[in-house]
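Coordinates in review
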Amino acid sequence: MKHSGNTSSVQRQELQASREQDDPKVFAQKPGAHSLCFDFAIKSWSRPGQPWYKAQGFMNKNLFLQYDSDSNMVKPVGLLGKKVNATSTGGELTQTLGEVGRNLWMLLLDIKLQIKTSGPSTLQAKMFCQREAERCTGASWHFVISGEQSLLFDVMNMTWTAINHEASKIKET
């Protein structure tokens, strides 16, 4: 895993957009491009009856699905959500979102041990992908740990950028 202390101009633009609007739909969309975004919210601890994990999916900035750990089901939103749910991909998506949630929860527990936080911790992970002319033109993950912008992973360059001091303590996993 490569780490980078310097952010590229694309990374800076994405990070700035994310800081300006803490919104899962911030991926800068070019005309003719399509964007897919998933927003994952994980808690290290939750009360009974409260989900410890929620996910939302956005296509071209429009919410099309929701998922939570209590129901372990994808809830389609709007016409696109219903179309996705009606395909064989709908069942696979439920399984995939469950696996992503469990993996991110394990990562959150690891992070909690490494940065020695007190009380319940949270992890918000945002996955962005942009497609243009049938090819991926941008992809990244943004990680917010207990409310603090922490890490940026540029999928295109396979580089990690630590945004704050606490994030720099996190070991490679």
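Residues numbered from 1 in each chain as written. Predicted model: local features only at pLDDT ≥ 70, side-chain atom pairs only at ≥ 80, totals over all residues. Heavy atoms only, no water.

**Examining unusual backbone geometry**
- Positive phi, normally seen in glycine, also occurs at Asn60, with a value near 50°.
- For Asn60, the position within the fold is in the loop between β3 (53-59) and β4 (62-68).
- For Met158, which is not glycine, the phi torsion reads 55° and is therefore positive.
- Along the chain, Met158 falls in the loop between β8 (148-154) and β9 (159-162).
- When its relative accessible area of 46% is taken as the criterion, Met158 is described as partly exposed. (Helix = DSSP H or I, 4+ residues; strand = E, 2+ residues; numbered from the N terminus. Buried < 20%, exposed > 50% of the residue type's maximum accessible area, 1.4 Å probe, protein only.)

**Observations concerning the packing of aromatic side chains**
- A full pass over the atoms with the stated rule returns 10 aromatic pairs.
- Geometrically, the ring pair formed by Trp141 and Phe143 is stacked, given 5.9 Å between the ring centres and 10° between the ring planes.
- Among the aromatic side chains, those forming a connected cluster through ring pairs are Phe38, Phe40, Trp52, Tyr53, Phe64, Tyr67, Trp105, Trp141, Phe143, Phe153 and Trp160. (Phe/Tyr/Trp six-rings, centres within 6.5 Å; stacked < 30°, edge-to-face > 60°.)

**Some points on the state of the cysteines**
- Counted under the stated rule, the structure contains 0 disulfides.
- Not engaged in a disulfide, the cysteine Cys129 finds its nearest cysteine sulfur in Cys136; these two sulfurs lie 3.9 Å apart.
- For Cys136, a relative accessible area of 26% puts it in the partly exposed group. (Disulfide = S-S within 2.5 Å.)

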